[in-house]
Amino acid sequence: MTSAPVSASGSWPVIRSLGLTGLLVSFADAFSEPANRAALAFRAALERDPWPGVEETAPSLVSVFLRIDPLAADHADLVSRLSDLVSRQDWYEAPLPEGRRLFRVPTVYGTDLAPELSEAATAAGLSEAEAIRELSTARLRVMALGFAPGQPYLGELPENWNLPRRTELNPMVPAGAMIQAIRQCVLFSRPSPTGWRHIGQTAFENFRPDSDPAFPLNPGDEVQFVATDRAHVERMMGDADVLDGGAEVEVIS
Amino acid sequence: MTALIVHRAGPGVTVQDLGRPGHLAQGLSRGGAMDRLALYEGAALLGQAPELAVLEMVGMGGEFEADAPLRIALTGAPMKATFDGAPLIWNASHHMPAGSRLSIGGVIEGAVGYLHVGGGFDTDVRLGARAAQLNAGLGGPVEGGTHLPVGTDRQGATGMVLDVADRFSGGRLRILPSVQTGFFDEDTRARLEATAFQRDPRSNRMALRLAMDGEGFALEGGLTVVSEVIVPGDIQITGDGVPVILMAECQTMGGYPRIATVLPADLPRAAQTPPGAPLSLDFITPDEGLAAERADLAARNALRSNVRPLVRDPRDIPDLLSYHLADGAISGHEEEHQ
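Residues numbered from 1 in each chain as written. Chains lettered and ligands numbered in written order. Predicted model: local features only at pLDDT ≥ 70, side-chain atom pairs only at ≥ 80, totals over all residues.

A.B. asks: Hey, could you run me through the interface of chain A and chain B in this one?
C.D. replies: Where interface size is quoted, it is often the accessible area lost as the parts come together. Between chain A and chain B, the residue contacts involve 40 residues of the former and 36 residues of the latter. Among the secondary structure elements, those contributing two or more residues to the side of chain A that touches chain B are β1 (14–18), β2 (22–26), β3 (54–59) and β4 (63–68) of chain A. Broken down by element, the side of chain A that touches chain B gets its largest block of residues, 5 residues, from β3 of chain A. Residues that form the side of chain A that touches chain B fall into these classes: 21 nonpolar, 12 polar and 7 charged. (Contact = placed C-beta atoms within 7 Å. Helix = DSSP H or I, 4+ residues; strand = E, 2+ residues; numbered from the N terminus. Nonpolar A, V, L, I, M, F, W, Y, C, P; charged D, E, K, R; others polar.)

Below, the structure is given as structure tokens:
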């Protein structure tokens with residue numbers, strides 16, 4: 001009845017079934033850098049050598065999801081192959097996938113475009129200037145994309161940024177908003193309500209369905225929210241010719 | 001280019017197809033038609049590919065005109081349909097002369113109807129599909145005044161009909177264990193199977209919410225789970241303990257515990273359950289599920305050979321139509337929906 005974890009030691013990683021059409025390889029039950037690294041590396045290994053019956057794979061914060069065609073592959077065989085791959089190396093210390101890129105995204109911190117910076121800085125025990133220095137020099141990893149098309153979960157910030165979500169929902173923040181909570185940032189694909197704090201604003205588009213690639217960010221990429229002035233960001237937000245929100249893009253592996 | 005002119009459309013009318021699989025890693029769900037089986041049925045009726053785009057009509061259709069002769073087919077939830085005033089048979093193909101008016105009203109049973117045209121709707125392909133996906137900003141509702149381009153029709157018969165799987169009044173959904181099923185104790189899982197649910201009217205292309213009397217299914221201590229990939233069919237237990245079945249346009253990642261997932265072959269039934277209609281959830285074994293999926297695929301593959309002429313003698317058509325209406329072969333419940 002229950003989907004019993006397949007794990008020799010009774011600990012992580014575990015392989016679990018989601019009905020007939022999904023398998024989930026999880027490296028932890030809560031976020032950690034090694035578990036995310038493991039998920040990204042494991043997914044890259046699956047993508048390098050696609051298996052019959054596996055229709056797509058997707059990493060989340062600490063797991064890899066496999067969408068399978070149950071009529072094209074035997075479930076037990078797939079679980080056994082996954083088990084072999086899991087035990088082949090220490091995924092928690094695996095190198096991150098190749099072809100990753102760093103995006104340096106011009107960002108205005110605070111002002112009326114990102115009005116919750118000062119509240120977040122105070123909660124993190126910093127002045128606004130100190131907060132901007134910490135935030136704008138951090139290189140954050142795209143740990144996963146989801147919730148909205150192309151929308152990255154970015155992490156991790158230092159421990160002082162382990163801020164709880166606000167109790168009140170901000171009714172609407174715009175696309176390109178950089179929002180923050182629980183040592184993570186999210187860069188919004190579309191206007192959306194949120195309980196996270198709106199601390200920065202960019203002209204970055206996560207999802208541009210009529211361009212190639214439609215999704216500029218991939219899991220494992222890095223983003224640095226470089227501080228700029230309000231006018232710069234505002235100008236780019238209105239300019240359809242500005243690509244990637246004016247970001248400098250560099251291949252890092 | 002041939003077009004279908006939309007004079008008026010209900011609020012839930014969109015262009016759909018089989019969606020855009022393959023973008024889970026980038027946060028875009030498959031989307032596409034809620035009742036995928038209906039796309040295969042329409043394709044069988046018109047003798048064309050199931051990938052062609054159709055109009056999905058949630059609850060209510062619209063008023064349409066052909067600017068050139070078209071072949072059409074109607075599938076999914078039966079709706080009140082007339083052709084220049086004459087009633088039309090559902091789950092059938094029809095010839096639509098240039099200038100004629102097709103009027104599609106509310107659903108008679110079920111929830112979502114489909115209008116197919118020979119050659120499919122030839123709207124812009126974006127990321128490999130024509131399906132509108134509103135929460136991703138891909139396309140939008142079809143509005144009055146729209147001229148929908150129609151692709152080249154390979155031509156073929158009209159006046160064909162298909163007996164379809166009855167899935168339009170709720171009923172039993174077969175479910176399988178998912179990733180957090182084991183977090184719910186045996187009593188809770190047994191109660192899930194014993195509960196008489198109804199489809200909550202607050203349901204949409206993203207999620208079908210279940211309504212019920214009595215205690216919910218919330219995990220003790222309100223256990224939080226790390227966000228994971230979610231897919232259509234997954235049954236999340238939200239904060240208030242109510243089960244929610246994720247549908248075609250769900251998000252790609254969610255943090256609510258999942259008590260089970262609906263067998264893919266039963267998703268058309270879920271999608272077609274009208275508001276207030278009964279639903280029950282019934283755990284099956286993976287082997288039973290696999291057998292059901294095989295049978296579902298076989299039935300889909302057999303659709304084309306099950307298409308048959310509506311009538312042999314055209315002179316019988318008016319009589320046959322009235323016979324069907326009076327007999328309730330279309331539905332016995334027209335009065336309730338007027």
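The structure having been displayed, the exposition proceeds.
A.B. asks: Would you mind going over the nonpolar core with me for this structure?
C.D. replies: Generally speaking, soluble globular proteins have nonpolar side chains that are buried together. Counting 170 residues, the largest nonpolar core has L23, L154 and I179 of chain A together with M57, I245 and M247 of chain B as the members making the most contacts within it. The element best represented in this core is helix α1 (residues 36–46) of chain B, accounting for 8 residues. Leave out the neighbours within four places in its chain, and M247 of chain B touches M34, R205, M206, A207, L208, P232 and A271 of chain B. (Core = buried A, V, L, I, M, F, W, Y, C linked by C-beta atoms within 7 Å. Buried ≥ 20, exposed ≤ 12 C-beta atoms within 10 Å, placed from the backbone.)

A.B. asks: It is not clear to me how the packing of α1 of chain B against helix α4 (residues 286–306) of chain B should be interpreted in this structure. Could you clarify?
C.D. replies: Angle between the axes and distance between the axes are the two parameters that describe a pair of packed helices. Residues and elements named next belong to chain B. Where α1 contacts α4, the axes come no closer than 8 Å and their chain directions differ by 25°. Classified by the angle between their axes, α1 and α4 sit roughly parallel to one another. Here α1 runs over α4; the crossing is right-handed. In this structure, α1 uses Y40, E41 and A44 to contact α4, whose residues at the interface are R300, L303 and R304. A class-by-class count of the residues in the contact of α1 with α4 yields 3 nonpolar, no polar and 3 charged. (Axes fitted to C-alpha atoms, helices over the stretch in contact; angles between N-to-C directions. Parallel < 35°, antiparallel > 145°, perpendicular 65-115°, else oblique. Left-handed = near helix turned anticlockwise from the far one by under 90°.)

A.B. asks: Looking at this structure, how should I read the pairing of strand β8 (residues 92–96) of chain B?
C.D. replies: Each regular strand displays side chains that alternate between the two surfaces of the sheet. All names here are of chain B. Here β8 lies mainly inside the structure; 4 of its 5 residues are buried. Looking at chain direction, strand β5 (residues 70–76) and β8 are connected through 5 bridges and run antiparallel. Its bridge partner lying in β8, A73 is registered against S93. (Pairing = 2+ DSSP bridges.)

A.B. asks: Can you walk me through the domain arrangement of chain B in this structure?
C.D. replies: Residue and element names in this part refer to chain B. Under the domain assignment, chain B is made up of domain 1 (3–164 + 307–337) and domain 2 (171–293). Between the C-alpha centres of domain 1 and domain 2 there is a distance of 29 Å. Between domain 1 and domain 2, the contact holds 22 residues from the first and 15 residues from the second. Grouping the constituent residues of the side of domain 1 that touches domain 2 by class yields 9 nonpolar, 9 polar and 4 charged. (Domains from an automatic or database assignment.)

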